[in-house]
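# Per-entry structural report
As a plain string of letters, each chain reads:
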Amino acid sequence: MEQRAVMSQTKIDERVINACRQGDRDAFRLLFETYKDRVFSIAVYSFNGDESAASDVAQQVFLKLMTSIGQFRGESTFTTWLYRMVVNACLDERRKGKRFTSYGELTPTSRTDDRRPQEKEFAQTELAESVKNAIAQLSPKLRMPILLKYMEGLSYQDIAAVLDCSQGTVASRLNRGHKELAKRLGHLKGQIGVGE
């Protein structure tokens, strides 16, 4: 069991992809376990915290992945190819206009620490909620690069491949996204402490 956890943290290589192409269920399970949280995370932010919509999109992505893994040619990294599939699925779902709700219960619960006053914990929760809401209000064109850069840690080159645009366009969208977030969160200036 511990070995499986270690394996799922390793990068997916060509052997795993080839095994998936040949219908190896264990290989696909490894692929699923490695990427399920990332796929869901991108989708949940894309749908402003609507976990039901995000779950539907994640299921669609993995079903499509099962049937179309043979289309992966290795021209980009597997992660880039997968994220592009996720972004396209989210955009398609949004175009259909099926769901659009507010964040609801997306705020993570923080551990209770007897040393921290409840006011500080409340302020941090409110700050996190404000940031999430600000990101949710960005247009998908600006939101996706922000999510891919800061949640998934992708490079400009990888984001460009996922979004099918140039690196210059990625830089421009990130810059515009940062400016929008700064405007929306300007009222919080001074509330973010060093190291938080």
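Coordinates for the structure precede this section.
Bear in mind the structure is a predicted one, so any value in this text is a computation, not a measurement.

### Section: the pattern of salt bridges
Inspection of the entire model under this criterion finds five salt bridges. Residue Glu33 pairs with Lys36 through a salt bridge whose shortest N-O separation is 3.1 Å. Taken together, the residues Glu33 and Lys36, both in helix H3 (residues 25-46) and three residues apart, mark about one turn of the helix. Between Arg184 and Glu180 there is a salt bridge, and its shortest N-O distance comes to 3.2 Å. In this pair, Arg184 and Glu180 both sit in helix H9 (residues 167-185), four residues apart, roughly one turn of the helix. For Arg184, a relative accessible area of 30% translates into the label partly exposed. The exposure class assigned to Glu180 is partly exposed, which follows from its relative accessible area of 23%.

### Here we look at the environment of Phe47
With respect to the element layout, Phe47 can be found in the loop between H3 and helix H4 (51-68). Here Phe47 falls in the buried class, since its relative accessible area comes to 1%. Separated by 46 residues in the primary sequence, Phe47 and Glu93 have C-alpha atoms spaced 9.3 Å apart.

### Concerning the nonpolar core
Judged by nonpolar contacts, the single largest core of 53 residues is most densely connected at Leu31, Leu65, Phe78 and Leu148. Put simply, the parts of the chain that give this core at least two residues each are helix H2 (14-21), H3, H4, helix H5 (78-96), helix H6 (118-137), helix H7 (140-150), helix H8 (156-163) and H9. Dropping the residues within four chain positions of it, Leu148 is found in contact with Ile42, Tyr83, Val87, Gly153, Leu154, Ile159, Val162 and Leu163.

### Details of H2
Buried residues of H2: Val16, Ile17, Ala19 and Cys20, and no others. One side of H2 carries all its buried residues, which in axial view fall inside an arc of 160°. Seen from the open side of H2, the exposed residues pointing more than 90 degrees away from its buried face are Glu14 and Arg15. Following H2 by one or two positions, Gly23 has its phi on the positive side, about 85°.

### Focus on H4
In this model H4 runs 25 Å from its N-terminal to its C-terminal C-alpha over 18 residues, within 8% of the 26 Å that 1.5 Å per residue would give. Burial in H4 covers these residues: Ala53, Ala54, Val57, Ala58, Val61, Phe62, Leu65 and Ser68. Buried residues of H4 fall within an arc of 165° about the axis and therefore sit on the same side. In H4, the exposed residues that point more than 90 degrees away from the buried face are Leu63, Met66 and Thr67. The inward-facing, buried residues of H4 contact H3 and H5.

### Some words on the packing of aromatic side chains
As enumerated under the stated definition, the model contains five aromatic pairs in all. Their ring planes at 75° and their centres at 4.9 Å tell us that Phe32 and Phe62 sit as a pair that is edge-to-face. With Phe32 in helix H3 and Phe62 in helix H4, this pair connects stretches of sequence that are 30 residues apart. Note on Phe32: relative accessible area 32%, which makes it partly exposed. Here the aromatic residues Tyr35, Phe72, Phe78 and Trp81 are joined through ring pairs into a cluster of three or more.

The rules behind these values
- Residues numbered from 1 in each chain as written.
- Predicted model: local features only at pLDDT ≥ 70, side-chain atom pairs only at ≥ 80, totals over all residues.
- Heavy atoms only, no water.
- Salt bridge = Lys/Arg side-chain N within 4 Å of Asp/Glu carboxyl O.
- Helix = DSSP H or I, 4+ residues; strand = E, 2+ residues; numbered from the N terminus.
- Buried < 20%, exposed > 50% of the residue type's maximum accessible area, 1.4 Å probe, protein only.
- Core = buried A, V, L, I, M, F, W, Y, C linked by side-chain atoms within 4.5 Å.
- Contact = heavy atoms within 4.5 Å.
- Arc of directions from axis to C-beta.
- Expected span 1.5 Å × (residues − 1).
- Phe/Tyr/Trp six-rings, centres within 6.5 Å; stacked < 30°, edge-to-face > 60°.

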